[in-house]
Amino acid sequence: MLNSEESLNTEDILEIAKMTIKTSIRHNTVKGYIDWSSCDNICMDMHDILDMCEA
């Protein structure tokens, strides 16, 4: 974790977001398709990213 003196810049946040979404899609895709439960998992990961950006 970062202490109060350190902070992530916009480029770092975007890179983390891209990696998280890419990993989420990779792990929630079966034979090239995303089913309903996998879609929910990807959406939750994207929601977590948005929460991280708000902080």
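Look above for the structure.
In this report, the structure presented in the accompanying data block is examined.

Rules used throughout
- Residues numbered from 1 in each chain as written.
- Predicted model: local features only at pLDDT ≥ 70, side-chain atom pairs only at ≥ 80, totals over all residues.
- Heavy atoms only, no water.
- Helix = DSSP H or I, 4+ residues; strand = E, 2+ residues; numbered from the N terminus.
- Expected span 1.5 Å × (residues − 1).
- Buried < 20%, exposed > 50% of the residue type's maximum accessible area, 1.4 Å probe, protein only.
- Arc of directions from axis to C-beta.
- Contact = heavy atoms within 4.5 Å.

Residue pairs three or four apart in sequence face the same way in an α-helix, which turns once every 3.6 residues. In this model, helix α2 (residues 36-54) (19 residues) spans 27 Å end to end at C-alpha, consistent with the 27 Å of a helix rising 1.5 Å per residue. Along α2, the residues classified as buried are Ser 38, Ile 42 and Ile 49. Taken around the axis of α2, the buried residues stretch over an arc of 35°, which confines them to a single face. Among the exposed residues of α2, those pointing more than 90 degrees away from its buried face are Trp 36, Leu 50 and Glu 54. Along its buried surface, α2 packs onto α1 (10-27).

Right, let's talk about the environment of Met 46 for a bit. By the secondary structure assignment, Met 46 is in helix α2. The exposure class assigned to Met 46 is partly exposed, which follows from its relative accessible area of 39%. The spacing of Met 46 and Ala 17 is 29 residues in sequence and 8.1 Å in space, taken between C-alpha atoms.

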